[in-house]
Amino acid sequence: MSEPERIAKRLARAGLCSRRDAERWIAAGRVKVDGQVLDTPAFTVTGQSRIEVDGKPLPDAERARLWRYHKPPGEMVTARDPQGRPTIFDALPRNMPRVVTVGRLDFMSEGLLLLTNDGGLARRLELPANGWIRRYRARVHGLVDEERLMALADGITIEGVRYGAIQARLERQQRTNAWLEVALTEGKNREVRRVLAHLDLPVMRLIRVGFGPFHLGELERGTVEEVPAQALDNALGLKPPPRKAGWAKPRPQARPQARPHARPAAKPRPRRP
């Protein structure tokens, strides 16, 4: 028997809609539980509940799945944009299930974006408490002061907003431009851009290359690829990681023991006077 959960969450896990859409469906009288039409989303269901949407039984909830997407610049990380700009959902394959993003990347940022069919999993992966490091490469304009970069490891306050520890390193300086490596765990809105702008290093290009144990790697721009179920379970600590061949240290060899019948060593001859 599954754990009790709110009806809107259950509908979302079945892949039919988002939680907000589920609340609207309930308000419109489209959802029944055990033959009764719901009039509030504040309703808890279990694995024994009979749920119907528009008179049809609710399909079984899918297992939690995760995808890596190489977001190009110029895509909004939102389902709908009032200004009509392209979104990541316009670019995803049509056969993908309904997914939500794990965190965000702004319009012109690019690189690794994680997608999942489970809203609960998305919130879990976003939490700074899990200690997962977000890694970026940033191309900036200006001459880099490496001491100021190193000082970011102590955190910084900008216009009343406190940013936690940031590890930043100069990769290379090319005249008045430079590439930096940046790592952080909080991931506040536009954090990398705001912090580097405060150091007089406006960001010209920002690429996320890692999110916790997941990496952009050689994934081509605009491509989406599912994370294998075992890799996801390992990352979440649901299963021990597979044992690699040869990872264990070799046992120390025992010292050879003297043979019981070994001939005694010859005594040294006395020197002649």
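These remarks concern the structure in this document. Not measured: the values here are computed from a predicted model.

Along strand E7 (residues 66–71), six of the six residues are buried, which leaves the element largely enclosed by surrounding structure. Relative to strand E9 (residues 110–116), E7 runs antiparallel, the two being bridged by six bridges. Following the sheet pairing, tryptophan 67 is matched in E9 by leucine 115. Across three bridges, the pairing between E7 and strand E17 (residues 224–226) is antiparallel. Bridging from a neighbouring strand, arginine 68 pairs with glutamate 225 of E17.

The tendency in soluble globular proteins is for nonpolar side chains to be buried as a group. Core analysis: the biggest nonpolar cluster contains 33 residues, and Leu115, Val140, Leu149, Leu180 and Leu196 have the highest contact counts within it. When residues of this core are traced back to their parent elements, those giving at least two are E7, E9, strand E10 (134–141), strand E11 (156–158), strand E13 (166–174), strand E14 (177–184), helix H6 (191–198) and strand E15 (203–211). Broken down by element, the residue count for this core peaks at four residues, all from E14. In this view, valine 140 contacts Thr176, Asn177, Ala178, Leu180, Leu196, Leu201, Pro202, Val203 and Met204; residues no more than four positions away in its chain are not counted. Residues Leu66, Val102, Leu121 and Phe211 belong to the second largest nonpolar core, which totals 17 residues.

A few words on the environment of glutamate 23. Assignment of secondary structure puts glutamate 23 in helix H2 (residues 19–27). A relative accessible area of 41% places glutamate 23 in the partly exposed class. Residues glutamate 23 and isoleucine 7, 16 residues apart in the sequence, show an inter-C-alpha distance of 8.8 Å. With residues up to four places along the chain from it excluded, the contact list for glutamate 23 reads Ala8 and Pro41.

Below, the discussion takes up the pairing of E10. Of the two faces of E10, only the one carrying Arg134, Tyr136, Ala138 and Val140 is buried; Arg135, Arg137, Arg139 and His141 on the other face are not. Alignment of E10 against E14, held across eight bridges, turns out to be antiparallel. Residue pairing in the sheet places arginine 134 in a bridge with leucine 184 of E14. With seven bridges connecting them, E10 and E15 associate as antiparallel partners. Bridged to arginine 134 within E15 is phenylalanine 211.

Each value, and the rule that gives it
Residues numbered from 1 in each chain as written. Predicted model: local features only at pLDDT ≥ 70, side-chain atom pairs only at ≥ 80, totals over all residues. Heavy atoms only, no water. Buried < 20%, exposed > 50% of the residue type's maximum accessible area, 1.4 Å probe, protein only. Helix = DSSP H or I, 4+ residues; strand = E, 2+ residues; numbered from the N terminus. Pairing = 2+ DSSP bridges. Core = buried A, V, L, I, M, F, W, Y, C linked by side-chain atoms within 4.5 Å. Contact = heavy atoms within 4.5 Å.

These figures capture arrangement, not role.
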